[in-house]
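Now for the letters of each chain:
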Amino acid sequence: MAFMKNYLFLILGIFLAYYFYSDNEEFRPGMLKGKKVIVTGASKGIGKEMAYHLAKMGAHVMVTARSEEALRKIVSDCLEYGAASAHYIAGTMENMTFAEQFVAKAEKIMGGIDMLILNHIISTPMQPFAGDIHFVRKSMEINYISYVVLSTAALPMLKQSNGSIVVVSSMAGKMASPLIASYSASKFALDGFFSSIRKEYLVAKVNVSITLCILGLINTDSAMKASSGVFNAEAAPKEDCALEIIKGGALRREEVYYSKLAWSSLLLRNPGRTILEYLSLRYYNKDKFINN
Ligand SMILES: NC(=O)c1ccc[n+]([C@@H]2O[C@H](COP(=O)([O-])OP(=O)(O)OC[C@H]3O[C@@H](n4cnc5c(N)ncnc54)[C@H](OP(=O)(O)O)[C@@H]3O)[C@@H](O)[C@H]2O)c1
Ligand SMILES: *[C@@H]1O[C@H](CO)[C@@H](O)[C@H](O)[C@H]1NC(C)=O
Ligand SMILES: *[C@@H]1O[C@H](CO)[C@@H](O)[C@H](O)[C@H]1NC(C)=O
Ligand SMILES: *[C@@H]1O[C@H](CO)[C@@H](O)[C@H](O)[C@H]1NC(C)=O
């Protein structure tokens, strides 16, 4: 506690300085040129828009989702928009073997991976939790476990390329969100897991950035349909949202906040948590952060 009292202001100052300073680096679309990027859940919505932005920036694009028809069209659009290359592999992220093999195939096709954008989710209605344990488990598997499987499979390649993992989450992964309890839990899980391994990477000097994206309501067809008549907030445009996610990943930011809701970014960023995380690192034996 004494440590906390003596240094709290200093640390708060450093935190604020870092917070303002770290927003200064400029994004250039050229940053993605020739980069090998995977986008999951790319058959529609924000994922599809990310694939299109990446194509226009001249990246190598690898997309996945279940709908083969949609993916085929997106790949041909991407080539037209100027992608260095564009491919798809269709399959379901319920199947962890598929998830693992997808990354291996993507690496083979593109010759490496620079950025892994994890974006897919199980389609989720807005309704009170009524005991559907099966859906809780499915949400965990698709929205969370498959993200761990995909990033684990990609890590060796990402280490080689000093690459980036971009995790698309939600305000529901940072705050209580009624009518979507299963979804919210899976998004909180992403924060717990990926924020923890970000600390491990920091200490173990693994130069793979992890960007957690905290999105408010976005005007994708799925979200508009699910929220219609239930949740009446203003939705932000999916095209701009997709661009902000890519920017945050390219700039190796820890978190990206994107929402129409006033003050949400400021209110959800948690300086208390950041300070405590920073302070508690000193209690660890850092030798134990290295595998094997
Ligand atoms: N839109 C919002 O308001 C909002 C708000 C906060 C956060 N977010 C986050 O943003 C991300 C994208 O949201 P979105 O609105 O763009 O979603 P979306 O339009 O519904 O797209 C979801 C994508 O996931 C794929 N998918 C669904 N089930 C799958 C499965 N079993 N295996 C593999 N892929 C599967 C879908 O393709 P197939 O059906 O072809 O498989 C689709 O490409 C999500 O992580 C979401 O949580 C969105
Ligand atoms: C899971 O995916 C693997 C690899 O794509 C495939 O061989 C296997 O048949 C799939 N399993 C199921 C149950 O669909
Ligand atoms: C990764 O970063 C290290 C340290 O900055 C650098 O020496 C190395 O060349 C980089 N590798 C790639 C592939 O960019
Ligand atoms: C990590 O990788 C990035 C991107 O290649 C590079 O700019 C940075 O210098 C690297 N940092 C360290 C500490 O190696």
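Right above here is the structure, for reference.
Residues numbered from 1 in each chain as written. Chains lettered and ligands numbered in written order. Predicted model: local features only at pLDDT ≥ 70, side-chain atom pairs only at ≥ 80, totals over all residues. Heavy atoms only, no water.

Asks: Teacher, can you tell me more about the sheet that holds strand E2 (residues 60-65) here?
Replies: Two orientations exist for strands paired in a sheet by backbone hydrogen bonds: parallel and antiparallel. The seven strands lie next to each other as E3-E2-E1-E4-E5-E6-E7, forming an open sheet whose pairing is parallel. Here the strands that pair on one side only, and so sit at the sheet edges, are strand E3 (85-90) and strand E7 (255-258). Neighbour-to-neighbour, the strand axes of this sheet turn through a mean angle of 15°, independent of strand direction. By the bridge criterion, four bridges tie strand E6 (residues 209-215) to E7 in an arrangement that is parallel. Looking across to E7, one finds that Cys 213 is bridged to Val 256. (Pairing = 2+ DSSP bridges. Helix = DSSP H or I, 4+ residues; strand = E, 2+ residues; numbered from the N terminus. Axes fitted to C-alpha atoms, helices over the stretch in contact; angles between N-to-C directions.)

Asks: Hey, could you run me through the site of ligand 4 in this one?
Replies: Contacts to ligand 4 come from Asn 162, Asn 207 and Arg 252. Interatomic distance of 2.4 Å between a side-chain N/O atom of Asn 207 and an oxygen atom of ligand 4. Considering ligand 4 on its own, with 360 Å² of exposed area, one finds that the protein chains cover 31% of that surface. (Near = heavy atom within 4 Å. Polar contact = N/O pair within 3.5 Å; in protein donor to acceptor, adjacent residues only side chain to side chain. Areas by Shrake-Rupley, 256 points an atom, 1.4 Å probe, with all protein chains shown as cover.)

Asks: Can you help me understand the site of ligand 2 in this one?
Replies: Neighbouring ligand 2 are the residues Asn 95, Thr 97, Phe 98 and Gln 101. A distance of 2.3 Å is found between an oxygen atom of ligand 2 and a side-chain nitrogen or oxygen belonging to Asn 95. When ligand 2 is considered free in solution it has 360 Å² of accessible area, and contact with the protein chains removes 33% of it. When its residues are assigned to classes, the shell around ligand 2 shows one nonpolar, three polar and no charged. (Nonpolar A, V, L, I, M, F, W, Y, C, P; charged D, E, K, R; others polar.)

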